Amino acid sequence: MRVVVLYATREGHTRRIAERIADDLKARKVDVDVYNVKTLSEPIDWSVYATACVAASVHLGHHESEMIAFARRCRTDLERLDTALVSVTLSQAGAEDAHRSESERQAAAADAQRMVDVFVHETGWQPAHVLSVAGALAYSEYNFVVRFVMKRIARQQGAPTDTSRSYVFTDWHRLDQFVNDLVEVAQGRVAR
Ligand SMILES: Cc1cc2nc3c(=O)[nH]c(=O)nc-3n(C[C@H](O)[C@H](O)[C@H](O)COP(=O)(O)O)c2cc1C
């Protein structure tokens, strides 16, 4: 069984998520190739894969534009495989934040889901499995203006405002579990 992990990132956190997915797959003895869709130099040979896992972060309500273009272009190829979308947002961090009220968490979860729905609408590609993953508040990666804006948003939402460091909200265990479930599904398909 071979899996392709395709990712798009702006500040680098989704690369770490893609690498974690790859490590999880390798730990289950699954062969894996990882590609940044922004720097893909050759077409993908889809015939060697059983499963594709697509990971992309969200900025200003949309997933990375290169991933939207990629998923549009390769929709038919993706649809032949078992596919998963890992959507990386700070809304999901809000949805998982135990310090927020139930209604705030529900609103954040609805926001994360809305961005997945927008991606599906923009690309026409419907992944079989979807996981919303909490991303990072990467102050150290931002320029002055973005840092200023993100700090203001963070203050409004009760998120950390110390811009001298970055914050990672990703629930790695939940991601590992998702990948394990994907492998179970894929191995079940192979065994049938
Ligand atoms: C300028 C900017 C805009 C963002 N817009 C959103 C957004 O609309 N919704 C959201 O949930 N997260 C938003 N985020 C948070 C990112 O999705 C989060 O930081 C993610 O971890 C970025 O992943 P990356 O490092 O792979 O690009 C934004 C972050 C920045 C810096």
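Peer 1: It is not clear to me how the pattern of salt bridges should be interpreted in this structure. Could you clarify?
Peer 2: Two side chains carrying opposite charge are able to pair once their charged atoms lie near each other. Here the structure, examined in full by the defined rule, presents ten salt bridges. Of the charged contacts in the structure, one is a salt bridge between Asp-176 and Arg-20, with a shortest N-O distance of 2.8 Å. Of this pair, Asp-176 sits in helix α7 (residues 172-191) while Arg-20 is found in helix α1 (residues 13-27), placing the two residues 156 residues apart along the sequence. Owing to a relative accessible area of 17%, Asp-176 belongs among the buried residues under this scheme. Within the structure, one salt-bridge network assembled from shared partners comprises Arg-2, Asp-31 and Asp-33.

Peer 1: Please clarify how helix α5 (residues 102-123) should be interpreted in this entry.
Peer 2: Quick reminder: α-helices carry 3.6 residues per turn. Residues three or four places apart thus point the same way. Its 22 residues give α5 an end-to-end C-alpha distance of 32 Å, which sits within 8% of 32 Å, the value for a rise of 1.5 Å per residue. Of the residues making up α5, those classed as buried are Ala-108, Ala-112, Met-115, Val-116, Phe-119, Val-120, Glu-122 and Thr-123. Following α5 by one or two positions, Gly-124 adopts a phi angle in the positive range, close to 75°.

Peer 1: Could you clarify how one ought to interpret the packing of aromatic side chains in this entry?
Peer 2: Two numbers describe a pair of aromatic rings. These are the distance of the centres and the angle of the planes. Tallied over the full model, the rule gives four aromatic pairs. Here Trp-46 and Phe-70 contribute two aromatic rings whose centre-to-centre distance is 6.2 Å and whose plane-to-plane angle is 45°, an arrangement assigned as tilted. A residue pair is termed long-range when its members are at least 10 positions apart, and Trp-46 in the loop between β2 (31-36) and β3 (51-59) and Phe-70 in helix α2 (residues 65-73) qualify at 24 residues. In this pair, the class of Trp-46 matches that of Phe-70, namely buried. A network of ring pairs unites the aromatic residues Tyr-139, Tyr-142 and Tyr-167 as a single cluster.

About the criteria used
- Residues numbered from 1 in each chain as written.
- Predicted model: local features only at pLDDT ≥ 70, side-chain atom pairs only at ≥ 80, totals over all residues.
- Heavy atoms only, no water.
- Salt bridge = Lys/Arg side-chain N within 4 Å of Asp/Glu carboxyl O.
- Helix = DSSP H or I, 4+ residues; strand = E, 2+ residues; numbered from the N terminus.
- Buried < 20%, exposed > 50% of the residue type's maximum accessible area, 1.4 Å probe, protein only.
- Expected span 1.5 Å × (residues − 1).
- Phe/Tyr/Trp six-rings, centres within 6.5 Å; stacked < 30°, edge-to-face > 60°.

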